[in-house]
Every structure is written in C-alpha cells, then in structure tokens.
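Per-entry structural report
Each chain, written out:
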Amino acid sequence: MTSIFKLIAAPSIFIFTLLVMVSCKNTDPSVLKIFVRSSSNGLLDGAQVVVVGDQQSDPATNAFVDTLITNSSGFVEFNMNNYFDAAGEANSTGYFDVIAKKNTKSGSGYVRCRAHLTSVETIFLLN
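The following refers to the structure shown.

What follows deals with the pairing of strand S5 (residues 93–102). With 6 bridges joining them, strand S2 (residues 48–53) and S5 adopt antiparallel strand pairing. Directly across from Val49, in S5, lies its bridge partner Ala100. Pairing of S5 with strand S6 (residues 105–114), which is carried by 10 bridges, proceeds in the antiparallel orientation. For Ala100, the partnering residue across the bridge sits in S6 and is Gly107. Between S5 and the antiparallel strand that follows it, S6, lie 2 residues; Asn103 among them carries a positive phi value of about 55°.

So, in structure tokens, the structure goes:
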C-alpha cells in the first residue's frame, strides 16, 4: 500500500510544484505611456515623441531609442517588453529622456519605467 502511495505522491508533488512555479511568472506588459499637452493644457495629436535610454543613470539604463506619433487622444504607448527582456531580470528599472515635438513647439521630460507596470508621463509643449 505504501509503495502505491509513493508512486502516486512523488509525481503529484512534482507536477504541483511545477504548476506553482509557472503560475508565479509575471506576464503583465511593460508599457511607457506619454501624454503630450499644449501650453494651454490641451491634448495634442500628431506630435512626435522620442524616448532615449539614459545610460548615465544610476543604475545605468541600456541603450534604447524609439519614436512614435501621438494618436487622436494625444498619447503614445511604448511597448517596453523587448527592452526589459534584453535587459534581464536583474535590471527591472529603466530611466528615459522623453522629447516631444510638434511644428515649432517642443518639450522634454524624464521618466522611470519598471518591468511589468505601466508608467505614465505628461510632456507640455512650450510656445
């Protein structure tokens, strides 16, 4: 009777442990959401937004550059999953300079982005 119990218990414990380990992996996306507003606080569509990794930060951020155009709601969403996948699990935070421009107006900011979270920043374009 105990040998049958051992044959059933050992694989069951192994499968349970494996399922627990797999279910603990965080699968939430890493997103950097940037709103662009005019000096009068209106959201701007069609603004160019550039995100650049700050390699002088502490801890240092890996090299990264991406450019998007704001949608009709005045924001862009950078998918940062590829950045954090390349950076590795030990580097779960990145610091980025943000530059926004539309016509002759421009603005800049600085944002911290974390793995598996949505980070939000607003950039105001000055006259």
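Still more to cover.
In spatial order, the strands read S3-S2-S5-S6; together these 4 strands make up an open sheet with antiparallel pairing. For this open sheet the edge positions go to strand S3 (65–69) and S6, each flanked by a neighbour on one side alone. Shown here is a sheet whose adjacent strand axes are inclined to one another by a mean of 20°, direction ignored.

We now examine the packing of aromatic side chains. The geometry of an aromatic ring pair is captured by the separation of the ring centres together with the interplanar angle, meaning the angle of the planes. By the definition in use, this model includes 6 aromatic pairs. Pairing Phe64 with Phe96 gives two aromatic rings, centres 5.7 Å apart and planes at 75°, and the pair type is edge-to-face. Of this pair, Phe64 sits in the loop between S2 and S3 while Phe96 sits in strand S5; the two residues are 32 residues apart in sequence, bridging distant segments of the chain. Side by side, Phe64 and Phe96 carry an identical accessibility label, which is buried. Taken together through their ring pairs, the aromatic side chains of Phe64, Tyr83, Phe84 and Phe96 make up a single cluster.

One open sheet accounts for 3 strands, arranged S4-S1-S7; its pairing is mixed. Across the chains shown, the open sheet's two edge strands, defined by having one partner strand only, are strand S4 (75–79) and strand S7 (118–124). Within the sheet, the average angular offset between the axes of one strand and its neighbour, ignoring direction, is 20°. Strand direction decides the pairing type here: strand S1 (residues 31–37) and S4, joined by 5 bridges, are antiparallel. Paired with Leu32 across the two strands is Phe78, which belongs to S4.

Turning our attention to the pattern of salt bridges. Applying the stated criterion across every chain, the model contains 2 salt bridges. The partner of Glu77 in a salt bridge is Lys33, and the shortest N-O contact between them spans 3.9 Å. Here Glu77, found in strand S4, pairs with Lys33, found in strand S1; they are 44 residues apart in sequence, far enough to count as distant. For Lys102, the salt bridge goes to Asp45, with nearest N and O atoms at 3.8 Å. Within this pair, whereas Lys102 is found in strand S5, its partner Asp45 is found in the loop between S1 and S2, the two being separated by 57 residues in sequence.

About the cut-offs
Throughout, residues of each chain are indexed from 1 in the direction in which the sequence is written. Side-chain atom pairs in this predicted model are given and counted only at pLDDT of 80 or more, local residue features only at pLDDT of at least 70, and totals for whole chains, interfaces and linings cover all residues. The side-chain quantities take in all heavy atoms of the structure and omit both hydrogens and water. Strands were regarded as paired on the criterion that DSSP finds at least two bridges between them. Only DSSP runs of H or I reaching four residues or more are called helices, and only runs of E reaching two or more are called strands; each is numbered from the N terminus. Fitting a line to C-alpha atoms yields each axis, with helices limited to the stretch in contact; the angle taken between N-to-C directions then spans 0 to 180 degrees. Here is the rule: rings of Phe, Tyr and Trp (six-membered ring for Trp) pair when centre to centre is within 6.5 Å. Planes less than 30 degrees apart are stacked, more than 60 are edge-to-face, and the remainder are tilted. Exposure categories follow from relative accessible area, calculated using a 1.4 Å probe and restricted to protein chains: below 20% of the type maximum is buried, above 50% is exposed, and the middle band is partly exposed. When a carboxyl oxygen of Asp or Glu lies within 4 Å of a side-chain nitrogen of Lys or Arg, that pair is called a salt bridge.

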